[in-house]
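Analysis of the macromolecular model
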Amino acid sequence: MRAHELTTGRTFGVTFDHGEDFFDALSAFCRDHEVRQGYIPSFIGAFTEAEIVGACEKLEDPDAPVWAKTHVTNVEAFGAGTIAHDLDTGSILPHIHVSAGLKAQSADGRTSHLLSAKVQFLSELLIIEVVSPNMTRPRNHALYDVPLLTFGAPE
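Residues numbered from 1 in each chain as written. Predicted model: local features only at pLDDT ≥ 70, side-chain atom pairs only at ≥ 80, totals over all residues. Heavy atoms only, no water.

Under an unreviewed UniProt entry, the name given to the chain is PPC domain-containing protein, and the organism recorded is Streptomyces rapamycinicus.

Listed below in structure tokens is the structure:
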């Protein structure tokens, strides 16, 4: 386990508009408001289309992360995540998970890591800025190269 006390900064209510790319809008918000890291305790919204982590085939190694994606359309979504800082590029490294109900299929649900999404109507988010410690996401080469949230200076 890793834990660190967080010093939070500003709290934002944010809406993304119809047709916007979810991750482009999140990056633009962070750039415009100089938010380098933080967390999204929750968000609600709808997506005309989204890609989430998932596979239909049998997994060769069930313990390994799944890098495949599945495409969904016309979903209602509830999600949360963290925003880490990429020290090399100065950009953000978001990690967002969603539960998405397929509206045309009796709201049948999918839950996974969000890879891409296009906003339908709007998305409403709470974003809490973290001012310290540094939150980064270095890849753990011993654990399938998965990027893991790290607090403090990178090792």
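Let us keep going from here.
**A short note on helix H1 (residues 22-33)**
With twelve residues, H1 ought to run about 16 Å at 1.5 Å a step, and its terminal C-alpha atoms sit 17 Å apart, in line with that. Two or three places before Phe 23, at the opening of H1, Asp 21 has a side-chain oxygen 3.0 Å from that residue's backbone nitrogen. Phi turns positive one or two residues past the end of H1, at Glu 34, with a value near 55°. (Helix = DSSP H or I, 4+ residues; strand = E, 2+ residues; numbered from the N terminus. Expected span 1.5 Å × (residues − 1). Polar contact = N/O pair within 3.5 Å; in protein donor to acceptor, adjacent residues only side chain to side chain.)

**Some remarks on the side chain of Ser 123**
With respect to the helices and strands, the residue Ser 123 is situated in strand S5 (residues 108-132). Apart from the residues lying within four places of it in its own chain, the contact partners of Ser 123 are Val 14, Thr 15, Phe 16, Phe 22, Ile 44, Gly 45, Ala 46 and Phe 47. (Contact = heavy atoms within 4.5 Å.)

**Structural notes on the pairing of strand S2 (residues 38-53)**
Of the strand pairs in this sheet, S2 and strand S3 (residues 69-85) are connected by 13 bridges, and their pairing is antiparallel. Of the residues in S3, the one forming a bridge with Val 53 is Lys 69. (Pairing = 2+ DSSP bridges.)

**Here we look at a negative patch on the surface**
A cluster of acidic residues, Glu 57, Glu 60, Asp 61 and Asp 63, forms a negative patch on the protein surface. Positionally, Glu 60 belongs in the loop between S2 and S3. Residue Glu 60 is classed as exposed on the basis of its relative accessible area, which comes to 86%. (Patch = residues over 30% accessible without salt bridge, like charges linked within 9 Å, V, L, I, M, F, W, Y side chains within 5 Å. Areas by Shrake-Rupley, 256 points an atom, 1.4 Å probe, with all protein chains shown as cover. Salt bridge = Lys/Arg side-chain N within 4 Å of Asp/Glu carboxyl O. Lys, Arg positive; Asp, Glu negative; His and termini not counted. Charge placed at Lys NZ, Arg CZ, Asp CG, Glu CD. Buried < 20%, exposed > 50% of the residue type's maximum accessible area, 1.4 Å probe, protein only.)

**A closer look at the pattern of salt bridges**
Here the structure, examined in full by the defined rule, presents four salt bridges. Between Lys 103 and Glu 76 there is a salt bridge whose closest N-O contact spans 3.6 Å. Linking Lys 103 in the loop between strand S4 (92-102) and S5 with Glu 76 in strand S3, this pair joins segments that are 27 residues apart in sequence. Assessed through its relative accessible area of 35%, Lys 103 is described here as partly exposed. Of the charged contacts, one joins Arg 110 and Asp 108 as a salt bridge, the two residues approaching to 3.0 Å between their closest N and O atoms.

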